[in-house]
Amino acid sequence: MFSNACLQWLPGHEQRIREMLGLLNEGGTLAVQIPSQGKHPMHRLLNEVAHRAHWTDRILSHRPYNELTEEEYFDILSENASDFRMWEIMYFLRMPSCESILEWYRGTSLRPYLAQLSDEDKREFEAEILEGIREIYPVQRSGEIIFRFPRLFFTAKN
């Protein structure tokens, strides 16, 4: 069974991993890849801006992050799998601009916030996010930005 960048959209990882392991045939393997969102500065930035006093009367619900720590995944796997392996990979994506990072997030993590805002508020919110992106991600000599994207992987046998 394979889950590639899906599990983070669902709550209850401990129960879900147990259930997925229970669906495996004898000797089967569960393979999971999940973004390490808690380590990603962009997710911290989104959370920080969305919780600023200026937005509290307009952003009433926040994007949930359905992610456990490495230690919690380790404990779940050690208690429910006959064998498992875990590792993390850092992708170094080449982004042409800070605006391209903002555009990437418009299709994912920004959506729950933007859906709550008027067009004018969307522009203001995105401007604050873009300002934060410029502080977090320095421009390289080539003019590009290194966009680090950590991912947690694990395989487990039933």
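The shown structure was predicted, so the numbers you read here are calculated from the model rather than taken from an experiment. (Residues numbered from 1 in each chain as written. Predicted model: local features only at pLDDT ≥ 70, side-chain atom pairs only at ≥ 80, totals over all residues. Heavy atoms only, no water.)

Draft legend 1. Structural view of a negative patch on the surface. A contiguous patch of negative charge, built from Glu71, Glu72, Asp75 and Glu79, is present on the exposed surface. Of note, Glu72 is situated in helix α3 (residues 70–80). (Patch = residues over 30% accessible without salt bridge, like charges linked within 9 Å, V, L, I, M, F, W, Y side chains within 5 Å. Areas by Shrake-Rupley, 256 points an atom, 1.4 Å probe, with all protein chains shown as cover. Salt bridge = Lys/Arg side-chain N within 4 Å of Asp/Glu carboxyl O. Lys, Arg positive; Asp, Glu negative; His and termini not counted. Charge placed at Lys NZ, Arg CZ, Asp CG, Glu CD. Helix = DSSP H or I, 4+ residues; strand = E, 2+ residues; numbered from the N terminus.)

Draft legend 2. Structural detail: the environment of Glu128. With respect to the secondary-structure elements, Glu128 resides in helix α6 (residues 119–136). Among the residues examined, Glu128 registers a relative accessible area of 16% and is labelled buried. With residues up to four places along the chain from it excluded, the contact list for Glu128 reads Val49, Arg52, His54 and Trp55. (Buried < 20%, exposed > 50% of the residue type's maximum accessible area, 1.4 Å probe, protein only. Contact = heavy atoms within 4.5 Å.)

Draft legend 3. Representation of the packing of aromatic side chains. With the rule as written, the count across this model stands at 10 aromatic pairs. Here Trp104 and Phe147 contribute two aromatic rings whose centre-to-centre distance is 5.3 Å and whose plane-to-plane angle is 55 degrees, an arrangement assigned as tilted. Of the two residues, Trp104 sits in helix α4 (residues 98–106) while Phe147 sits in strand β4 (residues 145–157), which places them 43 residues apart along the sequence. By relative accessible area, which is 32% here, Trp104 ends up partly exposed. (Phe/Tyr/Trp six-rings, centres within 6.5 Å; stacked < 30°, edge-to-face > 60°.)

Draft legend 4. Broad picture of the pattern of salt bridges. For the structure on display, the rule yields 13 salt bridges. A salt bridge links Arg106 to Glu126; its shortest N-O distance comes to 2.8 Å. With Arg106 in helix α4 and Glu126 in helix α6, the pair connects residues that are 20 residues apart, well separated along the chain. Look at Glu126 and you get buried, because its relative accessible area is 13%. Asp119 is paired through a salt bridge with Lys122; the nearest N and O atoms lie 3.8 Å apart. In this pair, Asp119 and Lys122 both sit in helix α6, 3 residues apart, roughly one turn of the helix. Salt bridges here are not isolated pairs; linked through shared partners, they connect Lys39, Glu70 and Glu88.

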